[in-house]
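# A look at the structure
Letter by letter, the chains look like this.
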Amino acid sequence: MKSIKKVFGCFQNSDAIGKIQQGSAGWFNDNKTGMEKQMTSLANLGLLGNFLGMLTDSRSFLSYSRHEYFRRILCNLIGTWVENGEYPYDKENLTEIVKGISYNNAVRYFGFDL
């Protein structure tokens, strides 16, 4: 897995913003720790602000609560970085990042006409 992470950024180009994505945390990592590790890895290797967010089965009513869980973990992770001085406190920028990961990035990436 480490060798894959080392070449992660080598295939990016200007064809699409965030062209290479790590995907979701996965079945066995679909928990707080797994999601935090996955988003931290993406932030270290790429640009977290271009992350497409959580993958789920949108046909399931329970998906709504899973997305809320994901968003809370995302905001807590970013908030911790801000409190630790690892990311600047810029409310406008932070809002844009969270809205992008929660919705806007996927709309842009997949070209949805909403």
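Structure: see above.
Residues numbered from 1 in each chain as written. Predicted model: local features only at pLDDT ≥ 70, side-chain atom pairs only at ≥ 80, totals over all residues. Heavy atoms only, no water.

### Some thoughts on the environment of L94
When you line up the elements, L94 lands in helix α4 (residues 91-110). For the pair L94 and G49, spaced 45 residues apart in sequence, the C-alpha to C-alpha distance is 9.2 Å. In contact with L94, other than residues within four places in its own chain, are I78, V82, Y87, P88 and Y89. (Helix = DSSP H or I, 4+ residues; strand = E, 2+ residues; numbered from the N terminus. Contact = heavy atoms within 4.5 Å.)

### Here's the deal with the packing of helix α2 (residues 32-45) against helix α3 (residues 63-83)
Two measures define how a pair of helices packs: the angle their axes make with one another and the distance between the axes. The geometry of α2 relative to α3 is characterised by a closest axis approach of 10 Å and an angle of 55 degrees between their N-to-C directions. If you check the angle between α2 and α3, you find them oblique. In terms of crossing hand, the pair formed by α2 and α3 is right-handed. On α3, the residues touching K32, M35, E36, M39, T40 and A43 of α2 are R66, Y69, F70, I73, L74, N76, L77 and W81. Classifying every residue of the contact of α2 with α3 gives nine nonpolar, two polar and three charged. (Axes fitted to C-alpha atoms, helices over the stretch in contact; angles between N-to-C directions. Parallel < 35°, antiparallel > 145°, perpendicular 65-115°, else oblique. Left-handed = near helix turned anticlockwise from the far one by under 90°. Nonpolar A, V, L, I, M, F, W, Y, C, P; charged D, E, K, R; others polar.)

That is the geometry; function is a separate question.
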